[in-house]
Amino acid sequence: MCTTCGCGHGETRIEGDALHGHDHVHVHADGTVHSHGHDHAHGEPHDHGSHEHDHGHGVAGQHEHPHVHADGSTHSHAHVHQGAHAHDHAPGSFKPVEGHGHLHYGHGPAHTHAPGMSQGRMVQIEQDILAKNNAYAKQNRERLAERGIFALNLVSSPGSGKTTLLVKTIEALKGKATVAVIEGDQQTSQDAERIRATGAPAIQINTGKGCHLDAHMVGHALEKLPLADESLLMIENVGNLVCPAAFDLGEASKVVILSVTEGEDKPIKYPDMFRAARLMLLNKCDLLPHLTFSVDKAIEFARRVNPDIEVIRTSSTSGEGFDAWLAWIEEGAALARSRRAVSVDVLKRRIAELEQQLSTK
Amino acid sequence: MHEMSLAEGVLQLIEDAARDQGFTAVRTVWVEIGQLSGVEPEAMAFCFDAVSRGTLLEGARLEVVHVAGSGHCYECGRDTELQAVYDACTHCGAVPVHITGGTEMRVKELEVD
């Protein structure tokens, strides 16, 4: 197991259902065969006959096409599929995209040609280790953007007061905005139950041994969660200041919560998280009179790793900072709504243009 | 941080490449790890061994290509080395420095059979 955080996989559950993965093999019209794996929650309907599912395709939707050149040399291009799987494999129509990989035969490990010597072949991959997660995150982000949903990924160490803050936030937003919640914890659905008690829909992801949520889990949770158009989605990540920093879930922003009962030097002890966040909530500020915590120092440390980070002092007990926090949320939500309106307008204009073209034919 | 998940990410990338390109065993994996990526190369190697058991990576050698942290100083406009994301400019001592390199974690290349 991981020596650092002990995280692993294979025990992820969404509301008690395990995620199961398996492989599919596809034959394209030109006879090329490729396969990819996909996961689905147990008992969830999924279609094996059609090729138009959106479960992400291979490594970031990438696969290779070998070509034989006139001089007999062979090389292959990798290309990436985004979204729907409509593409043309007819000879001559293939266009390599940026970032294509090359497969060279006859190169030794040191890239030297050594005739007569046994050698493995070199395969260039040049892919980010998180490519798969990032492809799922992109899908989630597009799905949310299409519907004008403003999504936040709330991250902190355990015990910072995330869930209490979230409950108070939902209560304060009642009648003003619709909120849905994805809760991430290693075990139990206690947090989702606390959220549901407010009347907001919530779905619990149990990561099992995993120390963070990933974009694939969130994609499945999005399918199950009743989300209204132009609403808010709050994703409460697993309490952990390390791993969730690296995993994009498709959110608009990460919000890091640092409670004043922790050390003010946390931002430089765990710089990746504070660098990834757009906003820091300094929480439990009602306790400041009883502590030696320096707010100025904490903000200075946070800005050292992330000069652009915004800071709001909050307390779920006294309500301090909630006006600023709710205004910050509304600003982001308004942007998500206006972007959706723009894309709807663009589509309407495009439809009008196409209709005009059709009517003149 | 999360080296186990990353090692599993490496395995997935390589398994997919193996399906597409028809190789069945891997001799060497070159992975590029930046100084500022938050990835501990030793923990990565440990986890790589753990996840490779019983897969096409079993017995493969992991070669970590280190990439130094580098940045551009907002204050004096010069390029500077960085050991950590919050380091000050080595020339003028200013913080923060705009990070320009050293955050990568990529599978670069494979030697396969």
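In this report, the structure presented in the accompanying data block is examined. The structure presented is a predicted model; accordingly, all values stated were derived computationally and were not measured. (Residues numbered from 1 in each chain as written. Chains lettered and ligands numbered in written order. Predicted model: local features only at pLDDT ≥ 70, side-chain atom pairs only at ≥ 80, totals over all residues. Heavy atoms only, no water.)

## Side note on helix H4 (residues 215-224) of chain A
Residues and elements named next belong to chain A. Inclusion rule: Exposure is judged per residue with a 1.4 Å probe applied to protein chains only, and the accessible area is read against the type maximum: over 50% gives exposed, under 20% gives buried, and values in between give partly exposed. For the purposes of this entry, the term helix denotes a DSSP run of H or I that reaches at least four residues, the term strand denotes a run of E that reaches at least two, and both are numbered from the N terminus. Counted as a polar contact is a pair of N or O atoms within 3.5 Å, where, for protein atoms, one must be capable of donating a hydrogen and the other of accepting one, and residues adjacent in sequence contribute only when both atoms are in side chains.
Burial runs high along H4: 8 of the 10 residues are buried. Of the positions making up H4, those classed as buried are Ala215, His216, Met217, Val218, Gly219, His220, Ala221 and Leu222. Put simply, Asp214 is the residue that caps the front of H4, since its side-chain oxygen is 3.0 Å from the backbone nitrogen of His216.

## Some details on the pattern of salt bridges
When the charged atoms of two side chains lie near each other, side chains of opposite charge can form a pair. Rules: The rule for a salt bridge is simple: a side-chain nitrogen of Lys or Arg has to be within 4 Å of a carboxyl oxygen of Asp or Glu.
Evaluated as defined, the whole model comprises 23 salt bridges over all chains. Between A:Glu230 and A:Arg340 there is a salt bridge, with its nearest N and O atoms 3.2 Å apart. Taken together, the residues A:Glu230 in the loop between H4 and strand E11 (232-236) and A:Arg340 in helix H8 (residues 322-360) connect sequence positions 110 residues apart. Of the residues examined, A:Glu230 reaches a relative accessible area of 36% and is grouped as partly exposed. Salt bridges linked by common partners bring A:Glu126, B:Glu32, B:Arg106 and B:Lys108 together as one network.

## Overview of the nonpolar core
Note the following rule: Only buried residues count toward a nonpolar core, which is a set of Ala, Val, Leu, Ile, Met, Phe, Trp, Tyr and Cys residues joined through side-chain atoms within 4.5 Å. We call two residues in contact when some of their heavy atoms are within 4.5 Å.
Membership of the largest hydrophobic core comes to 29 residues, with the highest contact counts inside it found for B:Ile14, B:Phe23, B:Val26, B:Val29, B:Leu57 and B:Leu110. Contributing elements (two or more residues each) for this core: strand E7 (121-128) of chain A together with helix H1 (3-21), strand E1 (26-34), helix H2 (41-52) and strand E6 (105-112) of chain B. The biggest single contributor to this core is H1(B), with 7 residues. What B:Phe23 contacts, discounting residues up to four positions off in sequence, is A:Arg121, A:Val123, B:Ile14, B:Ala17, B:Ala18, B:Leu56, B:Leu110, B:Val112 and B:Asp113.

## Considering the packing of aromatic side chains
Residues and elements named next belong to chain A. Where we set the bar: Any Phe, Tyr or Trp ring, taking Trp's six-membered ring, that has another such ring centre within 6.5 Å forms a pair; planes under 30 degrees apart are called stacked, those over 60 apart edge-to-face, and the others tilted.
Inspection of every chain in the model, using the stated rule, returns 2 aromatic pairs over all chains. Ring geometry for Phe150 against Trp328: centres 6.4 Å apart, planes inclined by 55°, an arrangement best described as tilted. With Phe150 in strand E8 (residues 150-156) and Trp328 in helix H8, this residue pair connects regions lying 178 residues apart in the sequence. Of the aromatic side chains, those joined through ring pairs into one cluster are Phe150, Trp325 and Trp328.

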